Amino acid sequence: MTFEGKIHDGVVQLPGGMALPNGTVVTVVVGGATGEACMSDACLSDKEHARVVTIAQRIASLPDENPDDGFSGADHDRALYGES
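Residues numbered from 1 in each chain as written. Predicted model: local features only at pLDDT ≥ 70, side-chain atom pairs only at ≥ 80, totals over all residues. Heavy atoms only, no water.

### Quick notes on the overall build of the protein chain
Of the regular secondary structure elements, the protein chain holds 2 helices and 4 strands. When the helices and strands of the protein chain are read in sequence order from the N terminus, they spell out β-β-β-β-α-α. Counting all 84 residues of the protein chain, 5% fall into the buried class. When the accessible surface of the protein chain is totalled, it reaches about 7600 Å², and 55% of it is carbon and sulfur. (Helix = DSSP H or I, 4+ residues; strand = E, 2+ residues; numbered from the N terminus. Buried < 20%, exposed > 50% of the residue type's maximum accessible area, 1.4 Å probe, protein only. Areas by Shrake-Rupley, 256 points an atom, 1.4 Å probe, with all protein chains shown as cover.)

Dropping the structure here:
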């Protein structure tokens, strides 16, 4: 589930007065007005976040396999784990 709330007097307030049961484990991701984007446990500046996104996009654009080398993902699995 994803909810969007706001901090008021140091407490996260969920929309419509919604309340979660005591002891509910939550993850808070800070965004918006702070000028920083948070990823995992580290907050990055907008510039650093853009740099990471650019790198991730470059990695995502790489082919999964090189069609010209004759060695496929299935070949890789056979080399590591043997015939199955």
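### Some thoughts on the pattern of salt bridges
For the coordinates displayed, the defined rule picks out 2 salt bridges. Across the salt bridge formed by Arg51 and Glu48, the nearest N and O atoms sit 2.9 Å from each other. With a gap of 3 residues between them, Arg51 and Glu48 both fall in helix H1 (residues 46–60), about one helical turn apart. A salt bridge links Asp75 to Arg78, with the nearest nitrogen and oxygen atoms 2.5 Å apart. Of this pair, Asp75 and Arg78 both sit in helix H2 (residues 73–81), separated by 3 residues, roughly a single helical turn. (Salt bridge = Lys/Arg side-chain N within 4 Å of Asp/Glu carboxyl O.)

### Remarks on a nonpolar patch on the surface
Nonpolar side chains collect at one region of the surface, where Met1, Phe3, Ile7, Val12, Met18, Leu20, Val26, Val28 and Val30 lie side by side and expose about 870 Å² of accessible area between them. Within the secondary structure, Met1 sits in the segment before strand E1 (6–8). Residue classification places Met1 among the exposed residues on the basis of a relative accessible area of 91%. (Patch = residues over 30% accessible without salt bridge, like charges linked within 9 Å, V, L, I, M, F, W, Y side chains within 5 Å.)

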